[in-house]
Amino acid sequence: MTTNPDNPDGAAVVADGFGLKGPRGWAFRGITFEAAPGSLVAIEGPSGSGRTCLLLALSGRMKPTEGHADVAGLRLPRKMAAVRRLSALGPVPGVSDLDPALTVAEHLRERALLQRRFDGSLKMLLRSPAERRAAARARIDTALAAAGLDLDSLEKGERTSVRDLERLEALRLSVALALIGRPRLLALDDTDLKLSDADREKAWTLLRSVAASGVTVFAVCSEAPRDALRISTTATTAQDPASSGPRGKHARPEQPVPPVQPGQPAGTDTVPTTLTKVAAEDDTPKNSQTSKNPKSSQNSRSEKNDADDPSTTNDTNDTTGKGKTDALAEACRA
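Given the structure is predicted, the values throughout are model-derived calculations rather than measurements. (Residues numbered from 1 in each chain as written. Predicted model: local features only at pLDDT ≥ 70, side-chain atom pairs only at ≥ 80, totals over all residues. Heavy atoms only, no water.)

### Some details on the overall build of the protein
Next up, step 1: Looking only at helices and strands, the protein features 10 helices and nine strands.
Next up, step 2: Evaluated residue by residue, the protein yields a buried proportion of 37% over its 334 residues.
Next up, step 3: Within the structure as shown, the protein displays about 20,700 Å² of accessible surface, and the carbon and sulfur contribution to it stands at 49%. (Helix = DSSP H or I, 4+ residues; strand = E, 2+ residues; numbered from the N terminus. Buried < 20%, exposed > 50% of the residue type's maximum accessible area, 1.4 Å probe, protein only. Areas by Shrake-Rupley, 256 points an atom, 1.4 Å probe, with all protein chains shown as cover.)

### Notes on the packing of helix H6 (residues 167-179) against helix H7 (residues 197-212)
Next up, step 1: Where H6 contacts H7, the two axes come as close as 10 Å, and the packing angle between them is 15°. Taken together, the axes of H6 and H7 are roughly parallel relative to one another. Our pair here, H6 against H7, has a crossing hand that is right-handed. Here Leu-168, Leu-171, Arg-172, Val-175 and Leu-179 of H6 come into contact with H7, specifically with Asp-199, Lys-202, Ala-203, Leu-206 and Val-210. (Axes fitted to C-alpha atoms, helices over the stretch in contact; angles between N-to-C directions. Parallel < 35°, antiparallel > 145°, perpendicular 65-115°, else oblique. Left-handed = near helix turned anticlockwise from the far one by under 90°. Contact = heavy atoms within 4.5 Å.)

### A closer look at the side chain of Thr-233
Next up, step 1: By the secondary structure assignment, Thr-233 is in the loop between strand E9 (229-232) and helix H8 (273-283).
Next up, step 2: A polar contact is formed between the side chain of Thr-233 and the side chain of Ser-49, at a distance of 2.8 Å.
Next up, step 3: Those residues in contact with Thr-233, other than ones at most four positions away along the chain, are Ile-31, Ile-43, Glu-44, Gly-45, Pro-46, Ser-49, Arg-51 and Leu-54. (Polar contact = N/O pair within 3.5 Å; in protein donor to acceptor, adjacent residues only side chain to side chain.)

### Re the nonpolar core
Next up, step 1: Judged by nonpolar contacts, the single largest core of 41 residues is most densely connected at Leu-108, Leu-173, Val-175 and Val-210.
Next up, step 2: Breaking this core down by element, the ones donating at least two residues are strand E3 (40-44), helix H3 (104-119), helix H5 (129-147), H6, strand E7 (185-188), H7 and strand E8 (216-220).
Next up, step 3: Here this core gets nine residues from one element, more than from any other, and that element is H6.
Next up, step 4: Excluding residues that lie within four positions of it along the chain, Leu-173 makes contacts with Leu-98, Val-104, Leu-108, Leu-149, Val-162 and Leu-165.
Next up, step 5: Of all hydrophobic cores here, the second largest spans 31 residues; its members include Val-41, Leu-54, Leu-185 and Ile-231. (Core = buried A, V, L, I, M, F, W, Y, C linked by side-chain atoms within 4.5 Å.)

### Re the sheet that holds strand E1 (residues 13-22)
Next up, step 1: In space, the four strands of this open sheet follow the order E2-E1-E4-E5, with antiparallel pairing throughout. One side of each edge strand has no neighbouring strand; the edge strands of this open sheet are strand E2 (25-35) and strand E5 (74-76). Across this sheet, the average inter-strand angle for adjacent strands is 25°, counted without regard to direction.
Next up, step 2: Relative to E2, E1 runs antiparallel, the two sharing seven bridges. By the bridge assignment for E2, Lys-21 is matched with Trp-26.
Next up, step 3: Most of the contacts of helix H1 (residues 51-58) go to E2, to which it runs at about 55°, and overall it touches E1, E2, strand E4 (66-71) and E5. (Pairing = 2+ DSSP bridges.)

### A look at the packing of H5 against H6
Next up, step 1: Relative to each other, H5 and H6 sit at 135°, their axes nearing to 8 Å. With respect to their mutual orientation, H5 and H6 come out oblique. Here H5 runs over H6; the crossing is right-handed. Within the contact between the two elements, H5 uses Ala-143, Leu-144, Ala-146 and Ala-147 and H6 uses Arg-172, Val-175, Ala-176 and Leu-179.

### Let's talk about the pairing of E3
Next up, step 1: Of all five residues making up E3, five are buried, and the element is well covered by its neighbours.
Next up, step 2: Residues Leu-40, Ala-42 and Glu-44 point to one face of E3 and Val-41 and Ile-43 to the other, with burial holding for every one of them.
Next up, step 3: By the bridge criterion, four bridges tie E3 to E8 in an arrangement that is parallel. Looking across to E8, one finds that Val-41 is bridged to Phe-218.
Next up, step 4: Across four bridges, the pairing between E3 and E9 is parallel.

### Concerning the environment of Arg-163
Next up, step 1: Within the secondary structure, Arg-163 sits in the loop between H5 and H6.
Next up, step 2: For Arg-163, a relative accessible area of 56% gives the class exposed.
Next up, step 3: Separated by 60 residues in sequence, Arg-163 and Thr-103 have C-alpha atoms that sit 8.6 Å apart.
Next up, step 4: When residues no more than four places from it in sequence are discounted, the contact partners of Arg-163 are Pro-100 and Ala-101.

### Quick look at unusual backbone geometry
Next up, step 1: Cis geometry marks the peptide bond from Leu-76 to Pro-77; its omega dihedral reads 10°.
Next up, step 2: Tracing the chain through its elements places Pro-77 in the loop between E5 and helix H2 (80-86).
Next up, step 3: The backbone of Ala-72 shows a phi angle near 55°, a positive value even though the residue is not glycine.
Next up, step 4: Its place among the elements puts Ala-72 in the loop between E4 and E5.
Next up, step 5: What makes Ala-72 partly exposed here is its relative accessible area of 28%.
Next up, step 6: Here the phi dihedral of Lys-194 falls at roughly 60°; this positive angle occurs in a residue that is not glycine.

Everything listed here is a matter of coordinates, which is why it stays silent on function.
Structure follows, in structure tokens:
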């Protein structure tokens, strides 16, 4: 890990239980670390695990909802505006993108003008225009040298459009624009995205040199170098147990699927044994006991004879034909 604690220009960062919760759950949670001034800090994690949110929260651009962090002695989230003044963003997609239609010189002049307008001292405003231009030029040259961007090496020099820059050249330009404001903390997203192995090593060499100058560097990456302080983020999702499908609080218990009986085609339902037993009991007439009255006995014998006669049928007592089928259907519906 590259550190320079003796340089007062860097910002010490201490986080304790740092977390941010959005409408869809936790972006990141439980981040705890301590970085000295001039540290090179790599934020690792899978895509969607809150790496960019953590980067923006530590630089005062997003408000955390849990825990706290101290940046140069300024407590987040109470001192977000003060942290923004001492920090700067490098390339962060959707936040600090370069304009592909502008040239390198136009980007540099625009940043210098904005820096003088919003961060210039009263003494600087009282200087002559020539002195102000010379001071702005000196800031630009210093930032370009720190970022390792040589304008003469570009295809059209400072008139090269951003759309014509290589990925590493665009990264150097973004770092140079951020360093014009002389920040104490530099934050970069997607540091090693779309870089070859050789260009990735050059990018980390650049960030090591910036950290060695005393600026604390936070860089989101997919693979951190060994000498960096690593911070890992993991995706956290808050779910309501009652709405987690069949195993939720109010979910109905799952019904066991009866096994397929031998000889039965696959995909057809089987009737449980208990329902067959109930159906058989329902088929038995309630007045099946033999009465002691002789007349009742004679009636029973008469009914038996009628049952033996194939010309006589009784749907109620038919336990082998249609009556049993209807009983089984009724039992299944119950």
